[in-house]
Amino acid sequence: MQRMNGIDPMFVYSETPVTPMEVAYACVFDPATAPGGYSFEAVRAVLAERVPSLIPFRRRLMAVPFGLDHPRWVDDPDFDLDNHLHRVALPAPGGEAELTSMVAAVMGRPLDPDQPPWEMHVIEGLEGGKVGLIAKIHHAVIDGVAGVQLMAQLLDLSEEGRPAVVCPPWLPAALPSSAQLVAAALPNMFTSPVRALQAAREVGRTALRLARCALDGRTGPLSIPLGAPSTFETPVGAARSVSFAKLSLRDVRSLKEQFGVTINDVVLAVCSGALRSHLAEHDGEAGHPLVAVVPISVRGEATDGDLGNRLSAMFVPLANDLEHPLDRLRAIASTSTAAKAQERAVGYGPMASAVSEAVPPMLARPMIQLGIQVGALRRLRAGNLMISNVPGPNFSLYFAGMRMAAAYPLGPVVDGVALNITVQSYGDAVFVGINACASAVPDLPALARSIVAELGHLTEAADREHAADIRAACAAAHPSVGPRHRPPGRRSPVAVLLGEAS
């Protein structure tokens, strides 16, 4: 048995039938690279070989009786791969609309709590002969960075795959009895007062560090997660809407280097402009900046190989009330830098973990569920949407010999944050997965198109500003050069440069 720790149990306690706390990848594979082509049997064979070595794929959760302690991860003696791997066919014509509709249906269904919390859907019938895969796993198992690590263990670096590893037979023990679960929880029950004291001390330290930040001012204005606009504020239902976008990683990096910002700043600015356009098209209010909840990985070197969640968060105003794309980028870069500095100085992640460890499940689960029922997060309006950005590999990956052509990440939707935009780089592209409560965000495919268009607007604005800078520099360097001093029929090198730059 392995005890859940840190903030992982909170993803279990905050789950409801209409808000499953699950993350997913919607992938598209090209079977042209697979020796012998695609077959479902080949996909199943790869999973059957690798699942025994992937511990998170073969263990399930068991609650401790009476909520005496956090749940335990245990090997599932009844594990059956066929309960997790499904073969489905996409309706004709097998385009993006049909794919996103199927992904939305999968994201709206909770996983079976009595089995290891993951499932995969192999999708046949995509246009162009491609093969799809929806891989879904509970958020209590992984965060974004851990998801990339798990993907690397599951996929291959070439179409030939890797040599098969002969593992000893997997012989899981029987499920623990209630008495065994209680006995295992007793030591943690006895140390509960110590953890409560540690949590109180951590909360006090965090409050003190926050006060110092407020008085110091070097980290900028405090980012308090309350009072976001009411945009997208709606009770979350079970129905989901999903859409995808694909961006040029080269264009994103070019903006990063030209303006001295981060890739995350560019992603937030792209989302800001897209949301501004989307709200304008659908009679939404864009006069007040939306607030994005942005997860931050606090995974250190000591926890690099661990799964689970090592997360904190910052709350970033998206500056969508500003008209010019570059003004939005600069404003977001400034507030994002301040929010990161504040998070580093205050340390919300350790406080959240300490509180999670201290509050007994018999109190934590009912309190969280009551808060969800009364819509506490929605009423406090900590943020309007969640935007996650996870770096991925810059090389091709393969599954059963098939090259992965696209990988769209998807995060969960919760009551109070009805829109989730998750971004991950792969190869020379940035893949954007959008998951939303179907009733909260109208015309989600239009928002995806706006995201693509906004990167173009940012790039064009950056090119114009760069050309203007060149003209100003040339004018300053050659103030006496004008058309009347040039020989007829010839263009100066400066004119040639300016013509190319414009």
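As shown above, the structure is provided for reference.
Since this is a predicted model, take the numbers as computed values, not measurements. Every chain's residues receive numbers from 1 upward, in the order its sequence appears when written. Predicted model: local features are reported for residues with pLDDT of at least 70 only, side-chain atom pairs are reported and counted for 80 or more only, and whole-chain, interface and lining totals are derived from all residues. Calculation of side-chain values draws on the structure's entire complement of heavy atoms; hydrogens and water are dropped beforehand.

Bringing the pairing of strand β15 (residues 429-437) into the picture now. Walk down a regular strand and you will see the side chains alternate between the two sheet faces. Here the term buried applies to any residue with accessible area under 20% of the maximum for its type, exposed to any over 50%, and partly exposed to those in between, with areas from a 1.4 Å probe on protein chains only. Counting from the N terminus, the helices are the DSSP runs of H or I reaching at least four residues and the strands are the DSSP runs of E reaching at least two. Taken across its nine residues, β15 has nine buried, putting it largely inside the fold. At least two DSSP bridges between two strands are needed for those strands to be called paired. The sheet contact formed by strand β14 (residues 419-426) and β15 spans eight bridges and is antiparallel. Within the sheet, the bridge partner assigned to Ser-425 lies in β15 and is Val-430. The turn joining β14 and β15, which pair antiparallel and follow one another in sequence, is formed by two residues; a positive phi near 65° is taken by Gly-427.

Further remarks concern the pairing of strand β2 (residues 22-30). Judged by how many residues are buried, β2 sits mostly within the fold: nine of nine residues are covered. As paired strands, β2 and strand β7 (residues 131-138) are joined by eight bridges and run antiparallel to one another. Looking at the pairing, Tyr-25 lines up with Ala-135 of β7. Alignment of β2 against strand β13 (residues 402-410), held across seven bridges, turns out to be antiparallel. By the bridge assignment, Tyr-25 is partnered in β13 with Pro-409.

Only centres within 6.5 Å qualify two rings of Phe, Tyr or Trp (six-membered ring in Trp) as a pair; their planes then separate them into stacked at under 30 degrees, edge-to-face at over 60, and tilted for everything else. In this structure the tally under the stated criterion is five aromatic pairs. Ring geometry for Phe-244 against Tyr-408: centres 4.2 Å apart, planes inclined by 10°, an arrangement best described as stacked. Taken together, the positions of Phe-244 in strand β8 (residues 240-248) and Tyr-408 in strand β13 put the pair 164 residues apart, joining distant regions of the chain. Tyr-408 carries the same exposure label as Phe-244, and that label is buried. Note on Tyr-408 and Phe-431: the rings are 5.2 Å apart at their centroids and 90° apart in plane angle, and the pair reads as edge-to-face. With Tyr-408 in strand β13 and Phe-431 in strand β15, this pair connects stretches of sequence that are 23 residues apart. The exposure classification of Tyr-408 matches that of Phe-431, with both residues buried.

It is worth spelling out the side chain of Arg-58 at this point. Looking at the element boundaries, Arg-58 is found in the loop between α2 (40-50) and β3 (59-62). Owing to a relative accessible area of 11%, Arg-58 belongs among the buried residues under this scheme. Those residues in contact with Arg-58 that sit more than four places away from it in its chain are Val-51, Pro-52, Val-74, Asp-75, Asp-76, Phe-79, Pro-116 and Trp-170. Note on definitions: a residue-residue contact is assigned when non-hydrogen atoms from the two residues lie within 4.5 Å.

In space, the three strands of this open sheet follow the order β1-β4-β3, with antiparallel pairing throughout. Of all strands in the sheet, those with a lone pairing partner are β1 (2-3) and β3, marking the two edges. Relative to strand β4 (residues 72-75), β3 is paired through four bridges, and the arrangement is antiparallel. In the strand pairing of β4, Met-62 is matched with Arg-72. The axes used here are C-alpha line fits, helices contributing only the stretch in contact, and every angle between their N-to-C directions lies in the interval 0 to 180 degrees. Along the sheet, helix α5 (residues 178-190) contacts β1, β3 and β4; its crossing angle with β4, the most-contacted strand, is approximately 140°.

Turning next to helix α9 (residues 325-346). To estimate the expected span of a helix, subtract one from its residue number and multiply by 1.5 Å. With 22 residues, α9 should cover 32 Å at 1.5 Å per step; its first-to-last C-alpha distance of 31 Å lies within 8% of that length. Where α9 ends, the next residue or the one after it, Gly-347, has phi of about 80°, a positive value.

Let's shift gears to the packing of α9 against helix α13 (residues 444-477). Between α9 and α13, the shortest axis-to-axis distance is 8 Å and the interhelical angle comes to 95°. What the angle tells us is that α9 and α13 run roughly perpendicular. Of the residues in α13, those in contact with Pro-325, Leu-326, Arg-328, Leu-329 and Arg-330 of α9 are Glu-454, His-457, Leu-458, Ala-461, Ala-462 and Glu-465. For this classification, under 35 degrees means roughly parallel, over 145 means roughly antiparallel, 65 to 115 means roughly perpendicular, and everything else is oblique.

On to the side chain of Asn-435. Structurally, Asn-435 is set in strand β15. Among the polar contacts listed, one links the side chain of Asn-435 to the backbone oxygen of Gly-411, at a separation of 2.9 Å. The contacts of Asn-435, once residues within four sequence positions are left out, are Met-107, Arg-240, Ser-241, Val-242, Leu-410, Gly-411, Pro-412, Val-413, Ala-418, Leu-419 and Asn-420. Polar contact criterion, stated in full: a pair of N or O atoms within 3.5 Å, where within protein one must be able to donate a hydrogen and the other to accept it, and residues adjacent in sequence count only if both atoms are side-chain atoms.

Moving on, we come to the environment of Val-298. Along the chain, Val-298 turns up in the loop between β9 (291-297) and β10 (311-317). The sequence separation of Val-298 and Val-182 amounts to 116 residues, and the corresponding C-alpha distance is 32 Å. For Val-298, the residues in contact, after removing those within four places along its chain, are Arg-310, Leu-311, Ser-312 and Glu-343.

Attention now goes to the pattern of salt bridges. By definition here, a salt bridge exists when the distance from a side-chain nitrogen of Lys or Arg to a carboxyl oxygen of Asp or Glu is within 4 Å. Enumeration according to the criterion identifies 15 salt bridges in this entry. If you follow the salt bridges from partner to partner, you end up with Arg-3, Asp-69, Arg-72 and Glu-357 in one network.

The next subject is the sheet that holds strand β11 (residues 385-390). What holds strands together in a sheet is hydrogen bonding between their backbones, with the strands either parallel or antiparallel. Here six strands make up an open sheet; going across it, the order is β8-β15-β14-β11-β9-β10 and the pairing mixed. On the outer flanks of this sheet lie β8 and β10, each paired with one strand and no other. Taking the axes of each pair of neighbouring strands and ignoring which way they run, one obtains an average angle of 20° across the sheet. Summarising the sheet, β9 and β10 pair through seven bridges and their orientation is antiparallel. The residue of β10 that forms the bridge with Val-291 is Pro-317. In the packing of α13 onto the sheet, the strands contacted are β8, β14 and β15, and the crossing angle to β8 comes to about 15°.

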